[in-house]
Amino acid sequence: MQPTALSQRDALPAFPPAPPGAEPPRLRSVRSPSRPRLMSLATLDPARLADELDAGLSSRPACVSPKFLYDELGSRLFDAITALPEYYPTRVEGRILAAHRDEICRALGAGRSLIDLGAGDCRKAEALFGCLAPRQYVALDISLGYLAGALRRLARDWPAIDVIGLGVDLAADFRLPADIAPERRLFFYPGSSIGNFTPEAAVTLLARLRDQAGDDGRLLLGADLVKPAPRLEAAYDDPLGVTAAFNRNLLLHANRLLGADFDASDWRHLARWNPQQSRIDMYLEARRDQEVSWRGRSHFYPLGTRIHTESSHKYRPDDLDRLLAAAGWHLADAWFDEARQFAVVHARAA
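Owing to the predicted nature of the structure, the values given are computational and were not obtained by experimental measurement.

1. With respect to the overall build of the chain
If you tally the helices and strands in the chain, you get eleven helices and 14 strands. By the compact-globule yardstick of 20 Å for 350 residues, the chain fits well, its C-alpha radius of gyration being 21 Å. In terms of principal-axis extent, the alpha carbons of the chain reach across some 70 × 45 × 35 Å. Looking at the chain as a whole, 55% of its 350 residues are labelled buried. When contacts within the chain are restricted to residue pairs at least 6 apart in sequence, long-range pairs at least 24 apart make up 73% of them. For the chain, the exposed area adds up to about 14,800 Å²; of that, 54% sits on carbon and sulfur atoms.

2. Regarding the state of the cysteines
For the structure on display, the rule yields one disulfide. Looking at Cys122, it has no disulfide partner, and the nearest cysteine sulfur is the one in Cys131, 17 Å off.

3. So, the pattern of salt bridges
Counted according to the given criterion, the structure contains 29 salt bridges. The partner of Asp54 in a salt bridge is Arg295, and the shortest N-O contact between them spans 3.0 Å. You can see Asp54 sitting in helix H1 (residues 46–58) and its partner Arg295 sitting in the loop between strand S10 (290–294) and strand S11 (297–301), a full 241 residues away along the chain. On the accessibility criterion, Asp54 (8% relative accessible area) is buried. On the accessibility criterion, Arg295 (39% relative accessible area) is partly exposed. One network of salt bridges, with partners in common, ties together Arg48, Glu52, Lys67 and Asp169.

4. Quick word on the side chain of Asp157
Within the secondary structure, Asp157 sits in helix H7 (residues 144–157). Taking the relative accessible area as the measure of exposure, Asp157 reaches 8% and is therefore buried. Here Arg156 takes part through its side chain, which lies 3.0 Å from a polar atom of the side chain of Asp157.

5. Digging into the sheet that holds strand S9 (residues 279–286)
Sheet strands pair via backbone hydrogen bonds, and the direction of the pair is either parallel or antiparallel. Pairing in this open sheet of four strands is mixed, and the strands run S2-S12-S9-S8 from one edge to the other. What marks the edges here is a single partner per strand, and that holds for strand S2 (62–63) and strand S8 (267–274). Judged from the two bridges that link them, S2 and strand S12 (residues 306–313) form a sheet pairing that is parallel. By the bridge assignment for S12, Cys63 is matched with His308.

6. Topic: helix H11 (residues 317–326)
Listed in full, the buried residues belonging to H11 are Pro317, Asp318, Leu320, Asp321, Leu323 and Leu324. On its buried side, H11 packs onto helix H8 (199–211), strand S7 (218–224), strand S13 (329–336) and strand S14 (342–349). The positive-phi residue at the C-terminal boundary of H11 is Gly328, with phi of around 90 degrees.

7. Structural notes on the UniProt feature "domain: Histidine-specific methyltransferase SAM-dependent" (unreviewed entry) in the chain
Taken from the UniProt record, the annotation "domain: Histidine-specific methyltransferase SAM-dependent" (unreviewed entry) applies to residues 50–348. Segment residues 50–348 splits into 36% helix and 27% strand. End C-alpha atoms: 36 Å apart.

8. Some remarks on the side chain of Ser143
Along the polypeptide, Ser143 turns up in the loop between strand S4 (136–141) and H7. Excluding anything up to four places from it in sequence, Ser143 contacts Tyr70, Asp71, Glu72 and Ser75.

9. Notes on the packing of H1 against helix H10 (residues 242–258)
Packing of H1 against H10 leaves a shortest axis separation of 10 Å and a crossing angle of 125 degrees. Here H10 runs oblique to H1, going by the angle between their axes. With respect to the hand of their crossing, H1 and H10 are arranged in left-handed fashion. Here H1 contributes Ala50, Leu53, Asp54 and Leu57 to the contact with H10, which in turn contributes Ala254, Leu257 and Leu258. Residue composition of the contact of H1 with H10, by class: six nonpolar, no polar and one charged.

Conventions we followed
- Residues numbered from 1 in each chain as written.
- Predicted model: local features only at pLDDT ≥ 70, side-chain atom pairs only at ≥ 80, totals over all residues.
- Heavy atoms only, no water.
- Helix = DSSP H or I, 4+ residues; strand = E, 2+ residues; numbered from the N terminus.
- Rg over C-alpha atoms; globule rule 2.2 N^0.38 Å.
- Buried < 20%, exposed > 50% of the residue type's maximum accessible area, 1.4 Å probe, protein only.
- Contact = heavy atoms within 4.5 Å.
- Areas by Shrake-Rupley, 256 points an atom, 1.4 Å probe, with all protein chains shown as cover.
- Disulfide = S-S within 2.5 Å.
- Salt bridge = Lys/Arg side-chain N within 4 Å of Asp/Glu carboxyl O.
- Polar contact = N/O pair within 3.5 Å; in protein donor to acceptor, adjacent residues only side chain to side chain.
- Pairing = 2+ DSSP bridges.
- UniProt positions renumbered as here; feature names shortened; annotations may be inferred.
- Axes fitted to C-alpha atoms, helices over the stretch in contact; angles between N-to-C directions.
- Parallel < 35°, antiparallel > 145°, perpendicular 65-115°, else oblique.
- Left-handed = near helix turned anticlockwise from the far one by under 90°.
- Nonpolar A, V, L, I, M, F, W, Y, C, P; charged D, E, K, R; others polar.

As structure tokens, this is what we get:
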């Protein structure tokens, strides 16, 4: 499909259109004491995660999964990043969702099970509760502790919705538990978090979602688009140093998981645009020669050694079309900001 296909609209909405001037089905927010259900999937086994982190830090060149950035403190630091003027994706995506809210909800249909991947504070999904009227809200995040507070608030404010929190590693081969209604599932993956995966791994994840979506499954995906390198690099290396703290916190997480003795002050944060791979690469770079120990072993990191901690792929419209098609999804709708910095796309199970 050519890039222009992203501007097409699906002619068949998921539920009958409302009469002229009428609002789509909405769910009223009512305050009432309620408790969310919280569970952790086997993908968050601490021993397995520690082994994976050990392998990544021990490899040369060292490379670890960005999921290790998101312990409870890392999740809070990322929330602070989203408020920075340099970090445009959260702000721009929020404007797209607000400007096209009713159109998006009409396309998706009300009364679905809303499954929020990498939910964080859950506020992006909550902004759609009123018009989507989900019967079930399922928040997936690697930091279940951070997720719990947001879910307690949602369960109190939206008692008509069945609220569930799942601690899960999205990079693993996870299966949704039987508590999640199998029909009319809507996967919501905002923030361009799909960009943290390599293109091959992104297809694997999206195919895993397609496999669990059912015949009427839907996907609402946020994706950051390619733009000039200075704009991108500024978003990942802010002058206040919040992103640097977020990146170095991975070492504190490693100290807890592995019993390591990293000194975060011995490492500096780097963010570089990689035009060949169409992605921002983040690193921690050793400021001096140093030895770090964990699990009874000593590891030498010479001055200038880099640990690759995250990649964030940026897309062109036709990239998204190919990515979705390879994973078994059919692109139905897309919405952009005026400057076409970011895309929110709706796909149906093909």
